[in-house]
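# Structural features, examined
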Amino acid sequence: MPKQKSNSIEYLFKARKNVAPDQDEKVNPVKKMLCSTAFFPGGSGLWHTPPKKEMLPSTLQASHAFFVNLKRPTMPKKKIMVLGNDFGLKDGYKGVRNNPYGNLKSSSTWCNLLELLYRARIKPKNCFFTNAYMGLRIAGRHTGPSPGADDPKFVERCESFFLDKQIAVQKPRLILALGEHSIKFIAKLSSDLDPWKEWKNFEKLDADGVSYIEKVSFKDSAEQLATVVALVHPSGRKMFDGKNVKDRHYCGKEGEAAELAMLKDVLEQSGLSDCSL
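The notes below deal with the structure included here. (Residues numbered from 1 in each chain as written. Predicted model: local features only at pLDDT ≥ 70, side-chain atom pairs only at ≥ 80, totals over all residues. Heavy atoms only, no water.)

## Quick word on the overall build of the chain
Secondary structure assignment for the chain yields nine helices and nine strands. For a compact globule of 277 residues, the expected C-alpha radius of gyration is about 19 Å, and the chain comes in at 17 Å, within 12% of that figure. Principal-axis analysis of the C-alpha atoms gives the chain an extent of 45 × 45 × 35 Å. Counting every position in the chain, which comprises 277 residues, the buried fraction comes to 55%. Sequence separation of at least 24 residues holds for 72% of the intrachain contacts in the chain that already meet a minimum separation of 6. Per element, the accessible surface of the chain, about 12700 Å² overall, is 50% carbon and sulfur. (Helix = DSSP H or I, 4+ residues; strand = E, 2+ residues; numbered from the N terminus. Rg over C-alpha atoms; globule rule 2.2 N^0.38 Å. Buried < 20%, exposed > 50% of the residue type's maximum accessible area, 1.4 Å probe, protein only. Contact = heavy atoms within 4.5 Å. Areas by Shrake-Rupley, 256 points an atom, 1.4 Å probe, with all protein chains shown as cover.)

## Concerning the nonpolar core
Judged by nonpolar contacts, the single largest core of 84 residues is most densely connected at Ile80, Trp196 and Phe218. Ranked by residue count, the leading element in this core is helix H5 (residues 152–170), at seven residues. Ignoring anything within four residues of it in the chain, the contact list for Trp196 reads Ile183, Ile186, Ala187, Leu205, Val210, Ser211, Tyr212, Ile213, Val228, Val229 and Ala230. (Core = buried A, V, L, I, M, F, W, Y, C linked by side-chain atoms within 4.5 Å.)

## Let's talk about the packing of helix H4 (residues 108–120) against helix H9 (residues 255–269)
Contact pair H4 / H9: the axes reach a minimum separation of 9 Å and the direction vectors enclose 60°. By the angle between their directions, the pair H4 and H9 is classed as oblique. The interaxial crossing formed by H4 with H9 has right-handed handedness. Where H4 approaches H9, its residues Leu116, Arg119 and Ala120 are matched on the opposing element by Glu256, Leu260, Leu263 and Leu267. Considering only residue class, the contact of H4 with H9 consists of five nonpolar, no polar and two charged. (Axes fitted to C-alpha atoms, helices over the stretch in contact; angles between N-to-C directions. Parallel < 35°, antiparallel > 145°, perpendicular 65-115°, else oblique. Left-handed = near helix turned anticlockwise from the far one by under 90°. Nonpolar A, V, L, I, M, F, W, Y, C, P; charged D, E, K, R; others polar.)

## Some details on the packing of aromatic side chains
The tally for this structure, following the rule as stated, stands at 17 aromatic pairs. With a centroid separation of 6.3 Å and 35° between ring planes, the pair formed by Tyr133 and Phe154 is classed as tilted. Of this pair, Tyr133 sits in the loop between strand S3 (127–131) and strand S4 (136–137) while Phe154 is found in helix H5, placing the two residues 21 residues apart along the sequence. This pair shows no difference in class: Tyr133 is buried, exactly as Phe154 is. Joined through ring pairs, the aromatic side chains of Phe39, Trp47, Phe66, Phe67, Trp110, Tyr118 and Phe129 make up one cluster. A cation over a ring is seen here: Arg16 above Phe13, with NZ or CZ 3.8 Å from the ring centre. The cationic tip of Lys123 hangs over the ring face of Phe66; the distance from NZ or CZ to the ring centre is 5.3 Å. (Phe/Tyr/Trp six-rings, centres within 6.5 Å; stacked < 30°, edge-to-face > 60°. Lys NZ or Arg CZ within 6 Å of the ring centre and 35° of its normal.)

## What about helix H1 (residues 8–15)?
The element H1 is largely enclosed, with a buried count of six among its eight residues. For H1, every residue scored as buried is listed here: Ser8, Ile9, Tyr11, Leu12, Phe13 and Ala15. Those residues of H1 that are buried are in contact with S3 and H5. Where H1 begins, one side-chain oxygen reaches toward the backbone nitrogen of Ile9, 3.0 Å away; that side chain belongs to Asn7. (Polar contact = N/O pair within 3.5 Å; in protein donor to acceptor, adjacent residues only side chain to side chain.)

Here it is, written out as structure tokens:
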């Protein structure tokens, strides 16, 4: 991997230019990184504490202290990667640019993800929030398959070139893959994730005992093995009553309790129980 000439986030943001989609009528590259909390590459992927607790989802405002990051955000190396699908619509990017931190309350992804992290006692400052596909959707839905998935060359660049590069830079010990598209995407990068390549549903993963896979090796970071966890995407989970969450089963628990028990176990097994500190 080339030597990093700047800090890790700036290095990745510059490198992402080599992953620009060929289908500009469907997916545009991100030209400028936002300064507030947002998934990479729209933002830095790092946790910036909202200036006011009222900027957090209402259910979490009383727990504001849990989300405070007293230091200047830096790449949380050898900690946790939270892997989404893509940044979403260009209009969503403009919305965050015009209303920094507004996405923490308006986005179902952020609202439900922060709720899950809080329940699992994972501090956001210990996470790098990023995406499998680079770029912004021009139009259509903000969820579902990325329009860039129709471009095989773009997909290959995002997979074998850029996601591998992100993993090599951060060297995460734990990767939380959010939703079907991210799970199928990352499964292509390591033979250790072969059980995920024939994706059917979360119920099947749980029944096969492969809800998470330990000691996963990636091409450019073989010295740092990771545990990779398959989670329901926050945008569709509807805490406690989402269909996919209801289908989760782990160690005698069901639904939301199953995912939380799973997260507790992988944090301990990955040596990351201190991520609530």
